[in-house]
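Each chain, letter by letter, is given below.
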Amino acid sequence: MTVTHITIDSEDPFALAQFWAEATGYLEDPDEPNEPDGDEAYLASPNGPQVLLFQRVPEGKTGKNRVHLDVAPTDRTRDEELERLLGLGASVLQDRREEDGTGWVVLADPEGNEFCLERSDAERAEPVQPATS
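By convention here, each chain's residues receive numbers from 1 onward along its written sequence. Reporting of local features is limited, given that this is a predicted model, to residues whose pLDDT is at least 70; pairs of side-chain atoms are given and counted only at 80 or more, and all residues count toward the totals for whole chains, interfaces and linings. As a convention, hydrogens and water are excluded, and side-chain values are obtained from all of the structure's heavy atoms.

**Remarks on the nonpolar core**
Moving on, step 1. Remark: nonpolar core denotes a set of buried residues (Ala, Val, Leu, Ile, Met, Phe, Trp, Tyr, Cys) joined through side-chain atoms within 4.5 Å. For the exposure calls, accessible area comes from a 1.4 Å probe over protein chains only, and a residue counts as buried if that area is under 20% of its type's maximum, exposed if over 50%, partly exposed in between. Membership of the largest hydrophobic core comes to 19 residues, with the highest contact counts inside it found for Trp 20, Leu 43, Leu 52, Phe 54, Leu 85, Leu 107 and Phe 115.
Moving on, step 2. The numbering of helices and of strands both runs from the N terminus, where a helix is a DSSP run of H or I of at least 4 residues and a strand a run of E of at least 2. In terms of residues, this core owes the most to one element, helix H1 (residues 13-24), which gives five residues.
Moving on, step 3. In this description, contact between two residues means that some pair of their heavy atoms is separated by no more than 4.5 Å. Here Phe 54 is in contact with Ile 8, Pro 13, Leu 16, Ala 17, Trp 20, Asp 39, Glu 40, Ala 41 and Leu 43, once residues within four sequence places are set aside.

In C-alpha coordinates, the structure reads:
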(Lines give C-alpha, C1' and ligand atoms only; values in the text may rest on other atoms or scores of the structure.)
Protein backbone atom coordinates (compact mmCIF):
# COMPACT_ATOMS: atom_id res chain seq x y z
CA MET A 1 0.00 0.00 0.00
CA THR A 2 1.14 3.54 -0.77
CA VAL A 3 -0.23 6.72 0.77
CA THR A 4 -0.84 9.00 -2.20
CA HIS A 5 -2.43 12.08 -0.61
CA ILE A 6 -3.02 13.59 2.78
CA THR A 7 -6.45 15.21 2.54
CA ILE A 8 -7.48 18.04 4.82
CA ASP A 9 -11.07 19.24 5.17
CA SER A 10 -11.38 23.00 4.81
CA GLU A 11 -13.86 25.84 4.69
CA ASP A 12 -11.63 27.66 2.15
CA PRO A 13 -9.34 25.20 0.33
CA PHE A 14 -7.65 27.88 -1.76
CA ALA A 15 -6.68 30.08 1.22
CA LEU A 16 -5.55 27.12 3.31
CA ALA A 17 -3.47 25.79 0.41
CA GLN A 18 -1.80 29.20 0.13
CA PHE A 19 -0.79 29.04 3.82
CA TRP A 20 0.59 25.51 3.44
CA ALA A 21 2.38 26.36 0.18
CA GLU A 22 4.21 29.18 1.97
CA ALA A 23 4.84 27.00 5.02
CA THR A 24 6.16 23.94 3.15
CA GLY A 25 7.31 25.05 -0.27
CA TYR A 26 4.86 22.61 -1.87
CA LEU A 27 3.58 23.66 -5.31
CA GLU A 28 0.26 23.63 -7.11
CA ASP A 29 -0.05 21.80 -10.40
CA PRO A 30 0.86 24.34 -13.11
CA ASP A 31 -1.41 22.53 -15.59
CA GLU A 32 -4.38 22.72 -13.19
CA PRO A 33 -3.84 25.73 -10.90
CA ASN A 34 -5.86 26.09 -7.72
CA GLU A 35 -8.85 28.40 -8.08
CA PRO A 36 -10.14 30.74 -5.33
CA ASP A 37 -13.68 29.37 -5.61
CA GLY A 38 -12.69 25.73 -6.19
CA ASP A 39 -13.83 22.86 -4.00
CA GLU A 40 -10.33 21.41 -3.90
CA ALA A 41 -6.79 22.74 -3.85
CA TYR A 42 -3.76 20.56 -4.59
CA LEU A 43 -0.13 20.94 -3.47
CA ALA A 44 2.73 18.57 -4.27
CA SER A 45 6.17 18.35 -2.75
CA PRO A 46 8.89 19.53 -5.12
CA ASN A 47 11.15 16.78 -3.69
CA GLY A 48 9.01 13.67 -3.75
CA PRO A 49 5.61 12.07 -4.02
CA GLN A 50 3.95 13.77 -1.03
CA VAL A 51 0.68 15.56 -1.84
CA LEU A 52 -1.56 17.73 0.31
CA LEU A 53 -5.14 17.96 -0.91
CA PHE A 54 -7.54 20.47 0.65
CA GLN A 55 -11.24 19.78 0.12
CA ARG A 56 -14.17 22.05 0.86
CA VAL A 57 -16.59 20.88 3.53
CA PRO A 58 -19.67 22.74 4.74
CA GLU A 59 -18.83 22.63 8.45
CA GLY A 60 -15.96 24.23 10.34
CA LYS A 61 -13.51 22.32 12.50
CA THR A 62 -15.19 21.29 15.75
CA GLY A 63 -12.65 19.19 17.68
CA LYS A 64 -9.09 17.98 17.85
CA ASN A 65 -7.58 16.50 14.70
CA ARG A 66 -7.44 12.71 14.67
CA VAL A 67 -4.39 12.92 12.37
CA HIS A 68 -1.88 15.75 12.20
CA LEU A 69 1.33 16.64 10.39
CA ASP A 70 4.72 16.81 12.09
CA VAL A 71 7.02 19.23 10.26
CA ALA A 72 10.68 20.17 10.67
CA PRO A 73 12.60 23.03 9.05
CA THR A 74 15.29 22.22 6.49
CA ASP A 75 17.18 25.51 6.31
CA ARG A 76 16.71 27.16 9.73
CA THR A 77 16.23 26.30 13.38
CA ARG A 78 12.94 25.23 14.91
CA ASP A 79 12.67 28.56 16.72
CA GLU A 80 13.37 30.57 13.54
CA GLU A 81 10.77 28.48 11.71
CA LEU A 82 8.29 29.12 14.52
CA GLU A 83 8.58 32.87 14.00
CA ARG A 84 8.14 32.45 10.23
CA LEU A 85 5.03 30.28 10.64
CA LEU A 86 3.48 32.71 13.13
CA GLY A 87 4.03 35.46 10.55
CA LEU A 88 2.15 33.36 7.97
CA GLY A 89 -0.89 33.05 10.25
CA ALA A 90 -0.23 30.00 12.42
CA SER A 91 -0.92 30.17 16.16
CA VAL A 92 0.70 28.39 19.11
CA LEU A 93 -1.50 25.88 20.94
CA GLN A 94 1.14 24.32 23.20
CA ASP A 95 4.83 25.10 23.66
CA ARG A 96 6.61 21.86 24.52
CA ARG A 97 10.16 23.17 24.09
CA GLU A 98 12.53 22.20 26.89
CA GLU A 99 15.33 24.26 28.45
CA ASP A 100 17.94 21.91 26.94
CA GLY A 101 16.70 22.76 23.40
CA THR A 102 14.70 19.59 22.81
CA GLY A 103 10.94 19.44 22.36
CA TRP A 104 8.42 20.77 19.88
CA VAL A 105 5.64 23.31 19.44
CA VAL A 106 2.01 22.41 18.72
CA LEU A 107 0.57 24.94 16.27
CA ALA A 108 -2.70 25.53 14.44
CA ASP A 109 -2.99 26.61 10.83
CA PRO A 110 -5.40 29.47 9.96
CA GLU A 111 -8.40 27.09 10.07
CA GLY A 112 -7.37 25.55 13.39
CA ASN A 113 -5.84 22.29 12.15
CA GLU A 114 -3.14 21.17 14.58
CA PHE A 115 0.41 20.38 13.50
CA CYS A 116 3.69 19.96 15.35
CA LEU A 117 6.92 21.82 14.65
CA GLU A 118 9.98 19.76 15.53
CA ARG A 119 13.70 20.52 15.54
CA SER A 120 15.64 20.45 12.27
CA ASP A 121 17.92 17.52 11.41
CA ALA A 122 20.92 19.77 12.14
CA GLU A 123 19.56 20.56 15.61
CA ARG A 124 18.92 16.87 16.29
CA ALA A 125 22.52 16.06 15.33
CA GLU A 126 23.89 18.45 17.98
CA PRO A 127 24.50 16.99 21.45
CA VAL A 128 21.81 17.98 23.94
CA GLN A 129 23.10 20.31 26.63
CA PRO A 130 21.78 19.56 30.10
CA ALA A 131 19.80 22.38 31.65
CA THR A 132 21.61 24.24 34.40
CA SER A 133 19.87 24.90 37.67
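**Describing the environment of Ser 91**
Moving on, step 1. The topology assignment puts Ser 91 in strand S5 (residues 91-97).
Moving on, step 2. A relative accessible area of 33% means that Ser 91 is categorised as partly exposed.
Moving on, step 3. With 47 residues separating them in the primary sequence, Ser 91 and Ala 44 have C-alpha atoms 24 Å apart.
Moving on, step 4. Aside from chain neighbours lying at most four places away, what touches Ser 91 is Leu 86, Val 106, Leu 107 and Ala 108.

**Looking at the packing of aromatic side chains**
Moving on, step 1. Here the aromatic set is Phe, Tyr and Trp, taking the six-membered ring for Trp, and pairing holds for ring centres within 6.5 Å; pairs whose planes are under 30 degrees apart are stacked, those over 60 apart are edge-to-face, and all others are tilted. With the rule as written, the count across this model stands at three aromatic pairs.
Moving on, step 2. With a centroid separation of 4.8 Å and an interplanar angle of 65°, the aromatic rings of Trp 20 and Phe 115 are classed as edge-to-face. Taken together, the residues Trp 20 in helix H1 and Phe 115 in strand S7 (residues 114-117) connect sequence positions 95 residues apart.
Moving on, step 3. Assessed through its relative accessible area of 2%, Trp 20 is described here as buried.
Moving on, step 4. Taken together, the aromatic side chains of Phe 19, Trp 20 and Phe 115 make up a single cluster linked through ring pairs.

**As for the sheet that holds strand S1 (residues 6-10)**
Moving on, step 1. Pairing is mixed across the open sheet formed by three strands, whose spatial order is S1-S3-S2. Two strands in the sheet have a free side with no partner beyond their single neighbour: S1 and strand S2 (40-44). Along the sheet, successive strands turn relative to each other by an average axial angle of 20°, direction set aside.
Moving on, step 2. Direction of pairing for S2 relative to strand S3 (residues 51-56): antiparallel, over a ladder of five bridges. Paired with Leu 43 across the two strands is Leu 52, which belongs to S3. For two strands to be treated as a pair, DSSP must find at least two bridges joining them. Here an angle of 0 to 180 degrees is reported between the N-to-C directions of two axes, which are lines fitted to C-alpha atoms, with helices fitted over the stretch in contact.

**Section: the sheet that holds S5**
Strand pairing in a sheet relies on backbone hydrogen bonds, with the paired strands running either antiparallel or parallel.
Moving on, step 1. With mixed pairing, four strands are arranged side by side in an open sheet as S4-S7-S6-S5. Each of the sheet's edge strands pairs with one partner strand only, and the pair in question is strand S4 (69-71) and S5. Within this sheet the neighbouring strands show an average axis-to-axis angle of 20°, counted without direction.
Moving on, step 2. Where S4 meets S7, three bridges bridge the pair, whose relative direction is parallel. Looking across to S7, one finds that Val 71 is bridged to Leu 117.

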